[in-house]
Amino acid sequence: MMTREMNLMMAASTAGLLGFYLLFSSVPLYAATGGGGGLGAGSVTGAMMLATVAAELAVPWLLSRLGYRAVMGLGLVLLGLPALLLPLSAALSWVLGISVLRGAGLGVMVVAGTALTAELVPEERRGEGLGLYGVAVGIPSVLGLPLGLWASDALGFGPVFAVAGLVPLAGLPAVLGLPATRPAYGTKPASAAGPAAGGLASLALVFAAVTTATGVLVTFLPLAGSPELASVALLVQSLATPAARWWAGRHGDRHGSAGLLVPGVLATAAGVALQVWAGSPVAVVAGMALFGAGFGVLQNATLALMFERGGAARVSALWNLAYDAGMGAGAMGFGLVLGHTGYAAGFGLVALLVLATLPLARVRTAAGYAPLPR
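These numbers come from a predicted model, not from an experiment. (Residues numbered from 1 in each chain as written. Predicted model: local features only at pLDDT ≥ 70, side-chain atom pairs only at ≥ 80, totals over all residues. Heavy atoms only, no water.)

### A closer look at the overall build of the chain
For the record, the criterion: Helix numbers and strand numbers start at the N terminus; a helix is a DSSP run of H or I with at least 4 residues, a strand a run of E with at least 2. Atoms counted for the radius of gyration: C-alpha only. Globule rule: 2.2 Å times residue count to the power 0.38. Pairs of residues are marked as contacts when any of their non-hydrogen atoms sit within 4.5 Å. Residue exposure ignores everything except the shown protein chains as possible cover, and the areas themselves are Shrake-Rupley values with a 1.4 Å probe. In this tally, Asp and Glu contribute negative charge and Lys and Arg positive charge; neither His nor the terminal groups of the chain are included. By convention, the charge on Lys lies at NZ, on Arg at CZ, on Asp at CG and on Glu at CD.
Each helix and strand counted, the chain has 12 helices and zero strands in total. Whereas a compact globule of 374 residues would reach a radius of gyration of roughly 21 Å, the chain reaches 19 Å, a difference of no more than 12%. For the chain, contacts bridging at least 24 residues in sequence account for 87% of all contacts bridging at least 6. A total accessible area of about 13200 Å² is found for the chain, and carbon and sulfur atoms account for 71% of it. For the chain, the centre of its 16 positive side-chain charges and the centre of its 11 negative side-chain charges are spaced 7 Å apart.

Given below as structure tokens:
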């Protein structure tokens, strides 16, 4: 599976996502300390993810016109250049504008990268290939989330913003070796009609509920307790997620991915529920480990099942749409209700939201999607 093109695609994706994750928690903190408060922090993440969602809707069309190489390059530029402008001002309006541009870059890059992975790996090993891709793009979160928070506190925001802007731009040479293939746009596969369309929607809803919790935790965990504890917990979560995603891919190729949905939902809900005790290091770290494992399993299981039912570009756009819309809605929605609920009750409500998708996960398990033949 690890062809030259696959390696280059992973290198470009890793560079872009490292720049993204270095700022994912530090920019909301920058906005909050600049006078935006909790609502400002949530608005920054929400605006960025809203722009990501809007861009993702356009990526299948962009791919059909420009091809994978040019679209991946566009994503890296949008992630890198605007970050270099963040030190100019901590005003909420300025930070929001920069976050919108970076969000669009994220949307462009992740949809193109996921779709290209599905095109490059053999169909009978797609789950494992997606798992390996998940490990590669998980490395930036392992490094970036805790490092961005720590460096912002120890070195100040300016150096972090500079590094986060330059790293995605350093990935541009890798893009030159990617295929310029232009996937067809507007073709509706037979498998995307009828019950399969409902299957895609149900899987997307399950995943969106979990990413809603992700947006809440990544944005507000540093504010609920201490940035130092949050850094450790986010590191643990970032290690657990890609490992679980890779394991879920290998398991899914051999035994089917549908049976992983319910355990994944239960693990993520339990992990969020433990954040009710945000002042307890044991509860926070254990909860984020559990959440990270469930999140990784659901990343691979939902994506693999969706690829069995639709074309690469279309499924990649829908899955990433669920990913980023959920994260944005979680961050913005939690910021709006935080004043009424407080952190403990708010985390409890988010856990219940994740549990509410269990009927959808059970329906998909009962459907018994078969693994691809080996």
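### Details of the packing of helix H1 (residues 4–24) against helix H2 (residues 26–80)
Put simply, the test is: Here the axes come from fitting lines to C-alpha atoms, over the contacting stretch only for helices, and the angles between their N-to-C directions go from 0 to 180 degrees. When an angle is under 35 degrees it counts as roughly parallel; over 145 it counts as roughly antiparallel; between 65 and 115 it counts as roughly perpendicular; any other value is oblique. Less than a right angle of anticlockwise turn of the near helix away from the far helix marks a crossing as left-handed, whereas a clockwise turn marks it as right-handed. Ten residues, namely Ala, Val, Leu, Ile, Met, Phe, Trp, Tyr, Cys and Pro, are considered nonpolar, four, namely Asp, Glu, Lys and Arg, are considered charged, and the remaining ones, Gly among them, are considered polar.
Contact pair H1 / H2: the axes reach a minimum separation of 10 Å and the direction vectors enclose 165°. Judged by the inter-axis angle, H1 sits roughly antiparallel to H2. H2 is crossed by H1, and the crossing has right-handed handedness. For the pair formed by H1 and H2, the contact residues are Met 9, Ala 12, Ser 13, Gly 16, Phe 20, Leu 22, Leu 23 and Phe 24 on the first element and Ser 26, Val 27, Pro 28, Thr 45, Met 48, Met 49, Met 72, Leu 76 and Leu 79 on the second. Here the contact of H1 with H2 is built from residues that sort into 13 nonpolar, four polar and no charged.

### Digging into the packing of H2 against helix H5 (residues 157–170)
Two elements in contact, H2 and H5, have axes whose closest approach is 15 Å; the angle formed by their N-to-C orientations is 10°. One finds that H2 runs roughly parallel with respect to H5. Mapping the contact onto sequence places Ser 26, Val 27, Leu 29, Tyr 30, Thr 33, Leu 76, Val 77, Leu 79 and Gly 80 in H2 and Phe 157, Val 160, Phe 161, Ala 164, Gly 165, Pro 168 and Leu 169 in H5. For the contact of H2 with H5, the class distribution of residues is 12 nonpolar, four polar and no charged.

### Concerning a nonpolar patch on the surface
Operational definition: What makes a patch is a set of residues exposed beyond 30% relative accessible area and free of salt bridges, joined within 9 Å when like-charged and within 5 Å when nonpolar (Val, Leu, Ile, Met, Phe, Trp, Tyr). Salt bridges are counted wherever a side-chain nitrogen of Lys or Arg sits within 4 Å of a carboxyl oxygen of Asp or Glu. Burial status follows relative accessibility: with a 1.4 Å probe on protein chains alone, a residue under 20% of its type maximum counts as buried, one over 50% as exposed, and anything between as partly exposed.
On the surface, Leu 39, Met 332, Leu 336 and Val 337 cluster together into a nonpolar patch covering about 340 Å² of accessible area. The element best represented in the nonpolar patch is helix H11 (residues 312–355), accounting for three residues. Along the chain, Val 337 turns up in helix H11. Taking relative accessible area as the criterion, Val 337 reaches 36% and is therefore assigned partly exposed.

### Looking at H11
The cut-off we apply is this: For a helix, the expected span equals 1.5 Å multiplied by the residue count minus one. Fitting one axis to the seven residues ending at a residue and another to the seven starting there, the bend at that residue is the angle between the two axes.
Helix length check: H11, at 44 residues, gives a terminal C-alpha distance of 29 Å against a target of 64 Å (1.5 Å per residue), a shortfall beyond 12%. Taking the largest bend as the criterion, H11 deviates by roughly 110°, centred on Gly 342.

### Comments concerning the packing of aromatic side chains
Formally: Stacked, tilted and edge-to-face are the three classes applied to pairs of Phe, Tyr and Trp rings, where Trp contributes its six-membered ring and a pair requires centres within 6.5 Å; stacked means planes under 30 degrees apart, edge-to-face means over 60, and tilted covers the rest.
Scanning the model with the defined rule gives 16 aromatic pairs in all. Geometrically, the ring pair formed by Phe 20 and Tyr 21 is edge-to-face, given 5.0 Å between the ring centres and 75° between the ring planes. Assessed through its relative accessible area of 2%, Phe 20 is described here as buried. One aromatic cluster is present, formed by Phe 207, Phe 291, Phe 295, Trp 319 and Tyr 323 through successive ring pairs.

### Quick look at the nonpolar core
Selection criterion: What is meant by a nonpolar core is a set of buried Ala, Val, Leu, Ile, Met, Phe, Trp, Tyr and Cys residues, joined one to another through side-chain atoms within 4.5 Å.
Core analysis: the biggest nonpolar cluster contains 108 residues, and Met 9, Leu 17, Phe 20, Leu 23, Phe 24 and Met 72 have the highest contact counts within it. Setting aside its immediate chain neighbours within four residues, Leu 23 contacts Pro 28, Ala 83, Leu 86, Arg 102, Val 160, Phe 161 and Ala 164.

### Let's talk about the confidence of the model for the chain
How we decide: Values of pLDDT, ranging from 0 to 100, describe the predictor's confidence in every residue of the model.
When pLDDT is averaged along the chain, the result is 85; 93% of the residues meet or exceed 70. Averaged over each element, pLDDT in the chain is lowest for helix H12 (residues 358–367) (74) and highest for helix H9 (residues 261–273) (95). Confidence drops under pLDDT 50 across residues 188–195; counting only partners more than four residues distant or on other chains, this segment forms seven contacts.

### Some thoughts on the environment of Val 163
Within the element layout of this structure, Val 163 appears in helix H5. Classification of Val 163 by relative accessible area gives partly exposed; the value is 44%. Linking Val 163 and Gly 19, residues 144 residues apart in sequence, is a C-alpha distance of 7.4 Å.

### Describing H9
A rise of 1.5 Å per residue sets the reference length of H9, with its 13 residues, at 18 Å; its end C-alpha atoms lie 18 Å apart and thus fit the reference within 8%. All buried positions along H9 are accounted for by Leu 261, Val 262, Gly 264, Val 265, Ala 267, Thr 268, Ala 269, Gly 271 and Val 272.

### Notes on the environment of Val 71
In this fold, Val 71 is placed in helix H2. For the pair Val 71 and Thr 241, spaced 170 residues apart in the sequence, the C-alpha separation amounts to 27 Å. When sequence neighbours within four positions are dropped, the list of residues in contact with Val 71 reads Val 59, Leu 62, Leu 63, Leu 66, Val 108 and Ala 112.

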